[in-house]
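# Overview (structure and organization)
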Amino acid sequence: MRSGGILSLDLATVTGWAACSADYVTNWAPDLVIPDGEAMQYGLINGYKDFRIHGSDVGAKLAALMEWLEEMIAVHQPRVLVFEAPFVQAQTGKVNLNTARLLMSMAGIAEAMASKHGLKAFECNVQRVKEQACGTGNAKKPQVTSAARDKGWNPANEDAADALWAIDVTIENIKAG
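About the criteria used
Residues numbered from 1 in each chain as written. Predicted model: local features only at pLDDT ≥ 70, side-chain atom pairs only at ≥ 80, totals over all residues. Heavy atoms only, no water. Helix = DSSP H or I, 4+ residues; strand = E, 2+ residues; numbered from the N terminus. Rg over C-alpha atoms; globule rule 2.2 N^0.38 Å. Buried < 20%, exposed > 50% of the residue type's maximum accessible area, 1.4 Å probe, protein only. Areas by Shrake-Rupley, 256 points an atom, 1.4 Å probe, with all protein chains shown as cover. Lys, Arg positive; Asp, Glu negative; His and termini not counted. Charge placed at Lys NZ, Arg CZ, Asp CG, Glu CD. Axes fitted to C-alpha atoms, helices over the stretch in contact; angles between N-to-C directions. Parallel < 35°, antiparallel > 145°, perpendicular 65-115°, else oblique. Contact = heavy atoms within 4.5 Å. Pairing = 2+ DSSP bridges. Phe/Tyr/Trp six-rings, centres within 6.5 Å; stacked < 30°, edge-to-face > 60°. Expected span 1.5 Å × (residues − 1). Polar contact = N/O pair within 3.5 Å; in protein donor to acceptor, adjacent residues only side chain to side chain.

Quick look at the overall build of the chain now. What the chain contains, in helices and strands, is six helices and five strands. Its helices and strands in sequence order give the chain the pattern β-β-α-β-α-β-α-β-α-α-α, from N to C terminus. Rg of the C-alpha trace for the chain: 15 Å, near the compact-globule value of 16 Å for 177 residues, within the 12% margin. For the chain, the spread of C-alpha atoms along the principal axes amounts to about 40 × 40 × 30 Å. Relative to its 177 residues, the chain shows a buried fraction of 46%. If you sum the accessible surface of the chain, you get close to 9000 Å²; carbon and sulfur atoms cover 50% of it. Both charge centroids of the chain, one from 16 positive and one from 20 negative side chains, sit 5 Å from each other.

Pasting the structure below:
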């Protein structure tokens, strides 16, 4: 039996994640602020997984993601898997094709794993996450992380902060119908 919670992923070489319980989803409100140090009692946890140990081997990173996601789904028993939409930014006018391939493949694996385990899968737009956190889609990661701390979420890193905000966006969308 699934717990009814959400598993959220900010997919990248360092993947931020967050998980919440069904109770958190039920009791969520836009203005909910968790008292300092009590996120776990509210059924909200987060962390990150570093895939850089696999170097430049895209296949090894993807295989490790599949294995890790199996474990995360088994441990957290979510009903919903949400992930940030792949976002590839050209900083020098060129898109790194290896990065694009990795991010798109990671998103595909997340969707496949959701399907395999009978989970609802949602893709969350990066700008929407930033807007939810800071009121603007142009917010930078430190601003998003600071806003997560202000909510009492205590993100493990900037990527986990994104995953926490993706949960917030997802719950808002679910409740809006």
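Another aspect to go through is unusual backbone geometry. Look at Gln-77: it is not a glycine, yet its phi comes out positive at around 45°. Although it is not a glycine, Asn-154 sits at a positive phi angle of roughly 50°. Taking relative accessible area as the criterion, Asn-154 reaches 58% and is therefore assigned exposed.

Here we come to the packing of helix 4 (residues 126-134) against helix 6 (residues 158-176). Look at helix 4 against helix 6: their axes get within 9 Å of each other, and the N-to-C directions meet at 90°. Here helix 4 is positioned roughly perpendicular relative to helix 6, judged by the angle of their axes. Touching Arg-128, Val-129, Gln-132 and Ala-133 of helix 4 are Asp-162, Trp-165, Ala-166, Asp-168, Val-169 and Glu-172, all from helix 6.

Here we take up the sheet that holds strand 5 (residues 120-124). Overall, mixed pairing links the five strands, which are arranged 3-2-1-4-5 in an open sheet. Either end of the sheet is taken by a strand with one partner, and the two such strands are strand 3 (44-50) and strand 5. Going across the sheet, the axis of each strand differs from the next one's by a mean of 20°, ignoring polarity. In the sheet, strand 2 (residues 14-20) pairs with strand 3 via seven bridges, with the strands oriented antiparallel. Paired with Val-14 across the bridge in strand 3 is Asp-50. Sheet strands touched by helix 2 (residues 58-76): strand 1 (5-10), strand 2, strand 3 and strand 4 (78-84). Its angle to strand 1, the strand with the most contacts, is close to 155°.

Following the sequence through the fold, Gly-152 ends up in the loop between helix 5 (141-150) and helix 6. Overall, Gly-152 belongs to the buried group, its relative accessible area being 11%. Between the C-alpha atoms of Gly-152 and Gln-77, which are 75 residues apart in sequence, the distance is 24 Å. Ignoring anything within four residues of it in the chain, the contact list for Gly-152 reads Ile-34 and Ala-39.

Within this structure, the stated rule accounts for two aromatic pairs. Taking 6.0 Å as the distance between ring centres and 80° as the angle between the ring planes, the aromatic pair formed by Phe-51 and Trp-68 counts as edge-to-face. With Phe-51 in the loop between strand 3 and helix 2 and Trp-68 in helix 2, this pair connects stretches of sequence that are 17 residues apart. This pair shows no difference in class: Phe-51 is buried, exactly as Trp-68 is.

For helix 6, spanning 19 residues, the distance from its first C-alpha to its last is 27 Å, which sits close to the expected 27 Å at 1.5 Å a residue. N-cap assignment for helix 6: the residue whose side-chain oxygen lies 3.0 Å from the backbone N of Asp-159 is Asn-157.

Remember that the coordinates give geometry; whether it matters functionally is a separate question.
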